[in-house]
Amino acid sequence: MTSASSVRDAINARIDADRDMLVELLRQFLRIRSVNPPGDTREAADFVRGILDRFGVPHRTLSAVAEMPNVVGRWDGARPGKHLVLNGHMDVFPVSNEALWAAELRDGRIYGRGASDMKTGTLAAIMAYGYLHEHRAALAGALSLTVVSDEQSGGRYGTRFLFEQHPGVVTADACLNGEPSGLGNLRFMEKGTLRFSLSSTGIGGHGGYPHQAPNPIERIVRLTSRIYELYHLRLGDMPADVDAILTAPETVRTADALLGAGAAENARRITVNIGIINGGLKATQIPTACTAHLDIRTPLGTDRDVLRAELLALAEDHDCTMVVNEDHSYPASMTDPEGELAQILRRNTRELLGLDAPPVCSLGGTDARYWRWQGIPAVICGPSNISMGTDQEHVTVEEAIAVIRLQALCAADYLAATHPAGEPARDDA
């Protein structure tokens, strides 16, 4: 029987041999305009299926809506063992810099929309699924791939759809997600969100006659100012054991180094962001309407029902209406940083990169939460998130190769174990 170390050696050698091809594959992936909104990922899905067909691995497509396909697959090892799911998404942010679609390679960096978020991590999952298939006779358990749409808009037609309509595809013993995380840390948790709009209306009028009509913009400004005063940077009600992890010196240093100074403290606090304010037509006119869109991020332990009720009461007190965006509002999630897959990722990070990987909280959302909510451990291994969504979004070639290598080796190590696990029912629908 081929040993686990032999599988690792073979995978490392294959990645070394494929280096130039992997760079070119990533550039091709980045040139596909899978922007969300509107979220049409059909061309990207064709690209993914093409890679899988060249590997000769099983896959199929599941779609809630035709323009947002999800490419999934599964193969089984030679003996019973654990089931690992690899997860990534194909949709990306819109661009204001059209040059990003060229996927230019310059000074060791690949510039392109999705280079950080998250086509590098998704390609890593695809390649791990294909590379390990060739060694399945030496592995235990099962490896699944879920390359989804709609993550940028909450996952209603992507990962959430799979959990609701095809649970056998995603139910497993662990999940490895390729969202941008940066190397040298373990993303084991992420904050929750409450996304909502506030609106106010009036009859309007002349700006010199404020006694004749209420001003909706003024109402919104007063209300949002009050929300900032009450909630922005308020310390969350985090369990003491989790707070101890986030305040450990090595976690603070790593979070601030990778996410910017203050990131470690941010993870422990509620944050408020007003992303959009619309209202008014002219400076001399009392507007007839004003709407603001807010995003509140909440640490683990925050009572979101209480927060929501308090915000609704505040809106009513200020003669405003609050509407929650349910698809983009969800609780915080975490996985045990001492769990098996988490420790495999930390070990490989040390061995391959010479970096420790202390546990760090993600400040944005990922589809990993869907697994964590089901009690399934889920950790993240992707490139730096610093440039995601910017006009200079990029990944270094070395980082891209490192992410591909890490995902493949972590999956190989997880499937090398011989202990059996309760196997979820398969979904052949």
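Our subject is the structure that appears above.
Structure report, in brief. (Residues numbered from 1 in each chain as written. Predicted model: local features only at pLDDT ≥ 70, side-chain atom pairs only at ≥ 80, totals over all residues. Heavy atoms only, no water.)

### Some details on the sheet that holds strand 14 (residues 321-324)
For step 1, the next point in the chain: Strand order in the open sheet made by the four strands is 11-13-9-14, with antiparallel pairing throughout. A single partner strand is all that each edge strand has here, and the edge strands are strand 11 (271-279) and strand 14. Along the sheet, successive strands turn relative to each other by an average axial angle of 20 degrees, direction set aside.
For step 2, the next point in the chain: Set on the sheet, helix 7 (residues 216-231) makes contact with strand 9 (192-201), strand 11 and strand 13 (289-298); between it and strand 9 the angle comes to about 155 degrees. (Pairing = 2+ DSSP bridges. Helix = DSSP H or I, 4+ residues; strand = E, 2+ residues; numbered from the N terminus. Axes fitted to C-alpha atoms, helices over the stretch in contact; angles between N-to-C directions. Contact = heavy atoms within 4.5 Å.)

### Here's the deal with unusual backbone geometry
For step 1, the next point in the chain: Geometrically, the link from proline 37 to proline 38 is a cis peptide bond, its omega value of 10 degrees lying close to zero.
For step 2, the next point in the chain: Here proline 38 lies in the loop between helix 2 (19-30) and helix 3 (42-55).
For step 3, the next point in the chain: For the peptide bond that leads from aspartate 117 to methionine 118, omega is -15 degrees, which places it in the cis range.
For step 4, the next point in the chain: Relative to the elements of secondary structure, methionine 118 occurs in the loop between strand 5 (109-111) and helix 4 (119-133).
For step 5, the next point in the chain: Residue leucine 233 is not a glycine yet carries a positive backbone phi of 70 degrees.
For step 6, the next point in the chain: Among the secondary structure elements, leucine 233 is positioned in the loop between helix 7 and helix 8 (240-246).

### Quick look at the sheet that holds strand 4 (residues 105-106)
For step 1, the next point in the chain: Strand order in the open sheet formed by three strands is 4-5-18, with antiparallel pairing between adjacent strands. Looking at which strands have only one partner, the edges of the open sheet turn out to be strand 4 and strand 18 (394-396).
For step 2, the next point in the chain: Where strand 5 lies against strand 18, three bridges are found, and the strand directions are antiparallel. Bridging across to strand 18, tyrosine 111 finds its partner in histidine 394.
For step 3, the next point in the chain: Lying on the sheet, helix 14 (residues 397-416) is in contact with strand 4, strand 5 and strand 18; it crosses strand 18 at an angle near 80 degrees.

### Examining the pairing of strand 7 (residues 174-177)
Every other side chain in a regular strand lies on the same face of the sheet, so the side chains alternate between the two faces.
For step 1, the next point in the chain: Side-chain alternation along strand 7 places Ala174 and Leu176 on one buried face and Cys175 and Asn177 on a second face that is also buried.
For step 2, the next point in the chain: For strand 3 (residues 79-89) and strand 7, the ladder comprises four bridges, and the chain directions are parallel. Across the sheet, the residue bridging to leucine 86 is leucine 176, located in strand 7.
For step 3, the next point in the chain: Two strands pair when backbone bridges link them, and strand 7 and strand 17 (residues 378-380) are joined in this way by three bridges, in the parallel orientation. Bridging from a neighbouring strand, cysteine 175 pairs with alanine 378 of strand 17. (Buried < 20%, exposed > 50% of the residue type's maximum accessible area, 1.4 Å probe, protein only.)

### Remarks on the packing of helix 12 (residues 340-353) against helix 14
For step 1, the next point in the chain: Interhelical geometry of helix 12 versus helix 14 gives an angle of 130 degrees and a closest axis separation of 9 Å. When the interaxial angle is binned, helix 12 and helix 14 end up oblique. The handedness of the crossing between helix 12 and helix 14 is right-handed. Taken together, the residues of helix 14 that come into contact with helix 12 (itself represented by Glu340, Leu341, Ile344, Leu345, Arg347, Asn348, Thr349, Leu352 and Leu353) are Ala402, Arg405, Leu406, Leu409, Cys410, Asp413 and Tyr414. (Parallel < 35°, antiparallel > 145°, perpendicular 65-115°, else oblique. Left-handed = near helix turned anticlockwise from the far one by under 90°.)

### Observations regarding helix 9 (residues 249-259)
For step 1, the next point in the chain: By the burial criterion, the buried members of helix 9 are Thr251, Thr254, Ala255 and Leu259. Along the axis of helix 9, the buried residues cluster in a sector spanning 100 degrees; they form a single face. Residues of helix 9 that are exposed and point more than 90 degrees away from the buried face comprise Pro249, Arg253 and Ala257.
For step 2, the next point in the chain: Among the structural elements, strand 8 (186-190), helix 8, helix 10 (263-266) and strand 16 (359-362) are those in contact with the buried residues of helix 9.
For step 3, the next point in the chain: Glycine 260 lies just past helix 9 and shows a positive phi near 105 degrees. (Arc of directions from axis to C-beta.)

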